[in-house]
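Summary of structural features
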Amino acid sequence: MEKPIYKASYYNLLVPHGPHTLLFNGVSSGLLRLPPQLAEPLRPFLGPERSRDAGRGRDDWSPPRFSADELPAGIQRLFPELLRGRFFVEDGVDEAADLRDRFQHFRQRDPFMVTITTTMDCNLACYYCYEDKEPVYLSVEGCDQILAWMREQVEAKGHERLYVDWYGGEPMLNQAAIEHFTQGALALCAEKGMTYSAAMISNGTLWPDDAGDFVRRNRIRHLQFTLDGPQIHHDKRRRYVLKEEREQSSFDVIAETIDRLMGATRVYLRINVDVGSAPDIMPLVDFFKERGWLEPAAHIYPYLAMIGPMTDTCGFLGRNQRVKDFRDEFDQLNNQFQLAISRHIDPRGIQHLQYYPMTIKMNCAAVGSNSTVFGPDGYMYKCGLDVGQHHLAHGKVNLTVGQADHTFYQPKRAPLPVLGVKPTPHPYEAYDPFTHTRCSQCQYLPICMGGCPKTHFEKNDFYLEQQSKYWEDNFDVVVRTYYESTRTRLPAEPVAA
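Positions within a chain are numbered from 1, following the residues in the order the chain's sequence is written. Predicted model: local features are reported for residues with pLDDT of at least 70 only, side-chain atom pairs are reported and counted for 80 or more only, and whole-chain, interface and lining totals are derived from all residues. The side-chain figures draw on all heavy atoms in the structure; neither hydrogens nor water molecules are used.

**Section: unusual backbone geometry**
- One non-glycine residue, H299, adopts positive backbone phi at about 55°.
- Along the chain, H299 turns up in the loop between α9 (283-291) and β15 (300-306).
- Backbone geometry at M449 places phi at a positive 50°, although glycine is not the residue there.
- Numbered from the N terminus, helices here are DSSP runs of H or I no shorter than four residues, and strands are runs of E no shorter than two. Locating M449 in the fold gives a position in the loop between β19 (401-402) and α12 (453-457).
- Exposure remark for M449: the relative accessible area of 0% places this residue in the buried category. Three exposure classes are used, based on accessible area relative to the maximum for each residue type with a 1.4 Å probe and protein chains only: buried under 20%, partly exposed in between, and exposed over 50%.

Structure, rendered in structure tokens:
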């Protein structure tokens with residue numbers, strides 16, 4: 001019987017760290033810490049050194065081939081661990097083809113995911129908002145119509161799991177719709193033997209006193225709230241629409257909401273950063289610690305995000321040279337912030353900080369076969385960033401639109417149709433990063449999968465350049481930071497992190 005022949009994975013990356021070498025694999029997200037006595041004899045089998053450049057190199061990758069008995073004795077003992085972590089594969093393995101098969105498998109078998117926009121209205125006026133606000137509200141009758149559509153999908157496709165994302169505008173402006181829909185969805189899941197869970201993106205200013213009970217009865221497993229830096233910056237950027245409400249601090253209101261939710265659900269606390277707020281971000285770590293938000297039972301996970309031109313509505317940000325020039329400063333700040341947070345947070349929760357380069361089976365729900373985003377008016381989309389842009393909708397359910405006692409934004413005038421031009425929704429179902437000239441060659445593909453599909457369709461250079469540049473400039477720092485935050489838990493011998 002012939003001996004198996006092996007080769008190093010193309011998706012390995014070596015990161016020097018003092019006397020040690022950190023060996024990372026993108027397919028498994030495995031991380032090994034190798035002392036010099038193991039790193040040096042292993043290095044010849046790992047193939048030639050590569051730069052950190054994104055978007056090229058796979059076609060030229062030709063590592064040495066070998067059988068296991070050709071390895072030094074110390075490496076032979078470690079080799080089963082190296083195989084398990086995908087650091088080495090059999091010679092006949094086409095890693096890119098395997099990744100593509102995995103990607104296609106999960107896009108076809110992803111859970112039934114329905115994003116519901118309760119309204120496009122909002123009580124805050126953030127200067128960088130990517131949405132085109134409009135006072136359209138989902139009605140109770142509209143909820144029932146969505147539920148009827150969902151029943152048809154479940155009976156046709158036999159879904160076993162249902163995930164609901166609550167979205168806006170500000171979804172909590174329409175709590176009645178959330179409560180009514182959840183009861184109907186839970187009844188449907190009980191009838192069909194399905195599991196149910198929900199999530200929400202909210203600004204955190206309109207939550208009831210019984211916030212913990214609200215998330216429990218509506219099965220909301222995690223939330224995203226946003227702060228715009230410390231209070232002095234936040235309140236300038238996240239102002240209330242109504243002048244009579246501007247005497248109160250939205251920062252304080254959000255903080256009080258988080259206090260009431262501690263331990264009831266996971267809270268991903270996004271901290272938006274711009275040029276002006278960046279110098280004052282780090283003191284937030286002490287604020288979070290003093291508030292008890294970094295305690296293990298709190299389940300609160302802060303992370304930084306740089307504002308940018310996510311849609312045409314905030315496209316002016318992409319034309320601002322100060323914003324463009326800020327990217328390197330932001331990356332340094334982000335690394336510093338993550339290291340500081342990881343020193344306080346429960347080590348078992350570090351993966352929730354969305355920092356370590358985890359392998360991605362499917363980069364966005366929009367490319368999945370079983371996901372739909374409903375606007376409050378019944379238009380159906382694949383991406384939440386498309387909501388309200390009817391030319392990007394791929395379908396429509398005729399919903400009864402609700403009315404609100406008070407609205408914050410005025411109705412917008414319907415755009416005039418362009419004669420002879422048909423709506424052209426983005427082809428999310430055809431998205432395939434393995435056909436992209438750069439993505440297919442990239443050593444970061446397993447942890448990126450091309451990033452946001454919408455940026456590719458719309459050729460959003462701000463984010464396309466940022467995606468590649470981030471890993472080129474920061475991969476080593478990110479891995480070292482993760483190692484430093486976990487090394488007290490790692491034994492001396494190399495193990496998968």
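**Quick look at the nonpolar core**
- One finds M150, L162, F181, W207 and F288 to be the most contacted residues of the largest nonpolar core, which totals 99 residues.
- Here this core gets nine residues from one element, more than from any other, and that element is helix α13 (residues 461-486).
- Residues contacting W207, with those up to four places away along its chain left out, are M172, M200, S202, F214, V215, L223, F225, T257, R260 and L261.
- In this structure, L32, W61, I75 and M362 belong to the second largest nonpolar core, which totals 32 residues. Residues belong to a common nonpolar core when they are buried Ala, Val, Leu, Ile, Met, Phe, Trp, Tyr or Cys residues joined through side-chain atoms within 4.5 Å. Here, two residues are considered to be in contact whenever any of their heavy atoms come within 4.5 Å of each other.

**What about the packing of aromatic side chains?**
- Each Phe, Tyr or Trp ring, with Trp reduced to its six-membered ring, pairs with another whose centre is within 6.5 Å; inter-plane angles below 30 degrees give stacked pairs, above 60 give edge-to-face pairs, and intermediate values give tilted ones. Within this structure, the stated rule accounts for 32 aromatic pairs.
- Considering the side-chain rings of F251 and F287, the 5.5 Å spacing of their centres and the 50° angle between planes classify their relative orientation as tilted. Of this pair, F251 sits in helix α8 (residues 250-261) while F287 sits in helix α9, placing them 36 residues apart in sequence.
- Its relative accessible area of 4% is what places F251 among the buried residues.
- For F287, a relative accessible area of 23% translates into the label partly exposed.
- Sitting above the plane of the W61 ring, R50 keeps its charged end 4.6 Å from the centroid. Lysine and arginine charges are scored as sitting over a ring when NZ or CZ, respectively, is within 6 Å of the ring centre and within 35 degrees of the ring normal.

**What about the environment of V387?**
- Counting through the fold element by element, V387 comes out in the loop between β17 (379-381) and β18 (395-396).
- When the C-alpha atoms of V387 and G169 are compared, they prove to be 10.0 Å apart, with 218 residues separating the residues in sequence.

**Side note on the packing of helix α4 (residues 140-157) against helix α5 (residues 175-192)**
- Where α4 meets α5, the axes come as close as 9 Å, and the angle between the chain directions of the two elements is 25°. Comparing the axis directions of α4 and α5 gives the class roughly parallel. Remark: the crossing between α4 and α5 carries right-handed chirality. Contact residues: α4 offers V140, C143, D144, I146, L147, M150, R151, V154 and E155, while α5 offers A177, H180, F181, G184, A185, L188, E191 and K192.
- When residues are sorted by character, Ala, Val, Leu, Ile, Met, Phe, Trp, Tyr, Cys and Pro go into the nonpolar class, Asp, Glu, Lys and Arg into the charged class, and all the rest, Gly among them, into the polar class. Its residues placed into classes, the contact of α4 with α5 shows ten nonpolar, two polar and five charged. In this analysis, axes come from line fits to C-alpha atoms, helices being fitted only over the stretch in contact, and the angle between any two N-to-C directions falls in the range 0 to 180 degrees. Here is the rule for angles: anything less than 35 degrees is roughly parallel, anything more than 145 is roughly antiparallel, 65 through 115 is roughly perpendicular, and the remaining ranges are oblique. If you view the pair so one helix is near and one far, a crossing is left-handed when the near helix is turned anticlockwise from the far one by less than a right angle, and right-handed when it is turned clockwise.

**Observations concerning the sheet that holds strand β16 (residues 371-374)**
- Two strands pair if DSSP finds at least two bridges between them. Strand order across the open sheet formed by nine strands is β15-β14-β12-β11-β10-β6-β16-β17-β18, with mixed pairing between neighbours. Among the strands making up the open sheet, the edge pair consists of β15 and β18.
- Relative to β16, strand β6 (residues 112-117) runs parallel, the two being bridged by four bridges. Looking across to β16, one finds that T115 is bridged to V373.
- Sheet contacts for α8: β12 (220-227), β14 (266-273) and β15; angle to β12, the most-contacted strand, approximately 155°.

**Notes on α9**
- Among all positions of α9, only L284, V285 and F288 are buried. Mapping the buried residues of α9 onto a view down its axis gives an arc of 105°, with all of them on the same face. The outward face of α9, more than 90 degrees from its buried face, is lined by the exposed residues P283 and E290.
- Check the buried side of α9 and you find it contacts β12, β14, β15 and α11 (327-342).
- Following α9 by one or two positions, G292 adopts a phi angle in the positive range, close to 85°. Directions pointing from the helix axis toward each C-beta atom define the arc.

**Here we look at the packing of α11 against α13**
- Relative to each other, α11 and α13 sit at 30°, their axes nearing to 10 Å. Between α11 and α13, the crossing angle belongs to the class labelled roughly parallel. Considering how the two elements wind past one another, α11 and α13 form a crossing that is right-handed. Here R327, D328, D331, N334, N335, L339 and S342 of α11 lie close against α13, whose contacting residues are F462, E465, Q466, K469, Y470, D473, N474, V477, V478, T481, E484 and S485.
- Looking at the contact of α11 with α13 residue by residue, the class counts come to five nonpolar, seven polar and seven charged.

**Concerning the pattern of salt bridges**
- Salt-bridge detection follows one rule: a side-chain nitrogen of Lys or Arg within 4 Å of a carboxyl oxygen of Asp or Glu. Tallying each qualifying case throughout the model produces 24 salt bridges.
- Each of R151, E155, E191 and K192 takes part in one network of salt bridges that share partners.

**Side note on α5**
- For a helix, the expected span equals 1.5 Å multiplied by the number of residues minus one. Over its 18 residues, α5 extends 26 Å from the first C-alpha to the last, a length consistent with the 26 Å expected when each residue adds 1.5 Å.
- Of the residues making up α5, those classed as buried are A177, I178, F181, T182, A185, L186, L188 and C189. With its buried residues spanning 160° around the axis, α5 presents them on a single face. Those residues of α5 that are exposed and angled more than 90 degrees off the buried face are A176 and A190.
- Structurally, α5 contributes buried residues whose contacts are with β6, β9 (134-138), α4, β10 (161-167), β11 (195-201) and α6 (211-217).

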